[in-house]
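# A structural walkthrough
What follows is each chain in one-letter form.
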Amino acid sequence: MIRISLRRRTLQCAALLACATLAVAAHAQPTGPIKVGLMLPTSGTFADLGKKVASGFKLYVTENGGKLAGRLVQYVELDDESDPSKANENANKLVKRDRVDVLIGTIHSGVAMTMARVARDTNTLMIVPNAGAAEITGSMCAPNVFRTSFSNWQPGYATGLLAARKHKTAVTISWKYAAGDESVRGFREGFEKGGGKVIKDLHLPFPNVEFQPLLTELATIKPEAAYVFVAGAGQVKFVKDYAAAGLKNSIPLYGAFITEGTLEAQGEAASGLQTALHYADGLKIPKNEAFITSYQKTYNAAPDVFAVQGYDAAQLFAAGLQAVKGDTRKKAEMIKAMEDAKLESPRGPLSFSKSRNPIQDMYARVATGNRNVMTDVIVKALADPSPDCKL
Ligand code: BEZ
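We now turn to the structure provided with this report. Remember, it's a predicted structure, so these values are computed and weren't measured experimentally. (Residues numbered from 1 in each chain as written. Predicted model: local features only at pLDDT ≥ 70, side-chain atom pairs only at ≥ 80, totals over all residues. Heavy atoms only, no water.)

## Considerations on the sheet that holds strand 1 (residues 34–40)
- An order of 2-3-1-4-5-6 is seen for the six strands of this open sheet, with the pairing classed as mixed. Among the strands making up the open sheet, the edge pair consists of strand 2 (67–68) and strand 6 (145–147).
- Summarising the sheet, strand 2 and strand 3 (residues 71–79) pair through two bridges and their orientation is antiparallel. Each residue of the ladder has a partner; that of leucine 68, found in strand 3, is arginine 71.
- The strands touched by helix 2 (residues 47–63) within the sheet are strand 1, strand 2, strand 3 and strand 4 (102–104), with strand 1 carrying the most contacts at an inclination of about 160°. (Pairing = 2+ DSSP bridges. Helix = DSSP H or I, 4+ residues; strand = E, 2+ residues; numbered from the N terminus. Contact = heavy atoms within 4.5 Å. Axes fitted to C-alpha atoms, helices over the stretch in contact; angles between N-to-C directions.)

## Focus on the packing of helix 5 (residues 153–164) against helix 6 (residues 178–193)
- It is at 6 Å that the axes of helix 5 and helix 6 come closest, and there the two elements cross at 35°. Along this stretch, helix 5 crosses helix 6, giving a crossing that reads as right-handed. Counted together, Trp153, Gly156, Tyr157, Thr159, Gly160, Leu161, Ala163 and Ala164 of helix 5 and Glu182, Ser183, Gly186, Phe187, Glu189, Gly190, Phe191 and Lys193 of helix 6 form the full contact between these two elements.
- Looking at the contact of helix 5 with helix 6, its residues break down into seven nonpolar, six polar and three charged. (Left-handed = near helix turned anticlockwise from the far one by under 90°. Nonpolar A, V, L, I, M, F, W, Y, C, P; charged D, E, K, R; others polar.)

## Things to note about the nonpolar core
- Within the largest apolar cluster, 99 residues are counted, with the highest numbers of intra-cluster contacts made by Val36, Ile127, Leu218, Phe238, Tyr242 and Phe317.
- Counting residues per element, this core draws most heavily on helix 11 (residues 305–323), which supplies twelve residues.
- Among all residues touching phenylalanine 238, those that are not within four sequence positions of it are Ile173, Phe211, Leu215, Val228, Val230, Leu253 and Ile258.
- Ala91, Leu94, Met113 and Val118 belong to the second-largest nonpolar core, a separate cluster that totals 25 residues. (Core = buried A, V, L, I, M, F, W, Y, C linked by side-chain atoms within 4.5 Å. Buried < 20%, exposed > 50% of the residue type's maximum accessible area, 1.4 Å probe, protein only.)

## Remarks on the state of the cysteines
- Under the criterion given, the structure shown has one disulfide.
- The disulfide partner of cysteine 141 is cysteine 389, and the S-S distance across this bridge is 2.2 Å. In this structure the cystine formed by cysteine 141 and cysteine 389 twists about its S-S bond by roughly 90°; its chirality is therefore right-handed. Of the two residues, cysteine 141 is situated in the loop between strand 5 (125–128) and strand 6 and cysteine 389 in the segment after strand 15 (371–382); the sequence distance between them amounts to 248 residues. Judged on exposure class, the residue cysteine 141 and its partner cysteine 389 are both buried. (Disulfide = S-S within 2.5 Å.)

## Some thoughts on the side chain of asparagine 152
- Along the chain, asparagine 152 falls in the loop between strand 6 and helix 5.
- At 3.4 Å, the side chain of asparagine 152 forms a polar contact with the side chain of serine 109.
- Not counting residues within four places of it along the chain, the set of residues in contact with asparagine 152 comprises Ser109, Gly132, Ala133, Ala178, Ala179, Glu182 and Ser183. (Polar contact = N/O pair within 3.5 Å; in protein donor to acceptor, adjacent residues only side chain to side chain.)

## Some details on the pairing of strand 14 (residues 358–368)
- Across the eleven residues of strand 14, eight count as buried, placing the element largely inside the fold.
- Sheet analysis places strand 11 (residues 274–277) next to strand 14, joined by four bridges and oriented antiparallel. For leucine 277, the partnering residue across the bridge sits in strand 14 and is tyrosine 363.
- The sheet contact formed by strand 13 (residues 348–352) and strand 14 spans two bridges and is antiparallel.

## Some details on the pattern of salt bridges
- In total, this model carries 19 salt bridges according to the counting rule given.
- Taking the shortest distance from any N to any O, the salt bridge between aspartate 83 and lysine 86 comes out at 3.9 Å.
- Taking the relative accessible area as the measure of exposure, aspartate 83 reaches 22% and is therefore partly exposed.
- A salt bridge links arginine 165 to aspartate 376, with the shortest nitrogen-to-oxygen separation between them at 2.8 Å. (Salt bridge = Lys/Arg side-chain N within 4 Å of Asp/Glu carboxyl O.)

Take a look at the structure:
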């Protein structure tokens, strides 16, 4: 009898000890690798942009010994193909199957909007390193969804102000999806603020590159200037077609991204084109000079705005992680630190509005050789008004 109760006691103690050990383990700070879900295009018209964002992100991590806040970084990568119809399944794979700590993506606004919805519904931390869809930091804004790039309005608006310095009428050409529509809206606002008038908007479906009919129509309308939003591989063809159609000298072309990262491929057709963005080649900022050297050494290539946005996504994530010493369970504290972050970006000072969208300087640039050279600052510390974000 005594023997039985002693045995039972021993078993109870062992069970209690196991439970206690499990409880301690459950509350112990995670020390394993941090899982970063990179959902970016590696195929299609935005493949090169996706590659640059990933390169920028990884560069920051490599510079920090492959770790953030003392924890190793492990990547889970997925090609989103810039296809909105696959976005829900892809984002859910990273969040639910791979259980990533942060979702980084993407380039295409339509895909990013779905990702942001998944991030918001599952309370997963997300950083958008490019897509400018207004809704992400507007009506759909969420405490855990940040952006290190721009809202489509920002570069459109700055380019409108730039074009209005010299012209009174303009026609726009854009891909018909959220980014094109919002970029044109921003351009119109800036152009009209500067005293100009947009007289017609021309469209084609994403990622169509049959520009000829639109260029013929543009030549018939004869505005003083044109604004274009097409990006990635499409922008190379657009600029070449524009010059080949004989429009380059008669209707000056403006765009935000139209020469970004593609000047070598565009050649003489791009020479002298004026653009406005939150980055310019060779900005004389110590952080940028160090960034260019490091990027060049690692990838044997010059960085562009997409690489900067990826680098800053890693910097922003690191700011959150450092505040909690790598303890990703302290999400509210991480988010607060990210919201308050003041980053030293290669683009210049970078902070975030309440809606989690960048506040940043916008530069006027002119394509000279293989560089988008800064001429001046068009707007300092430009924030998206984000009136629909209620945080
Ligand atoms: C977008 O879809 O938001 C986008 C894509 C490429 C360049 C800029 C914006």
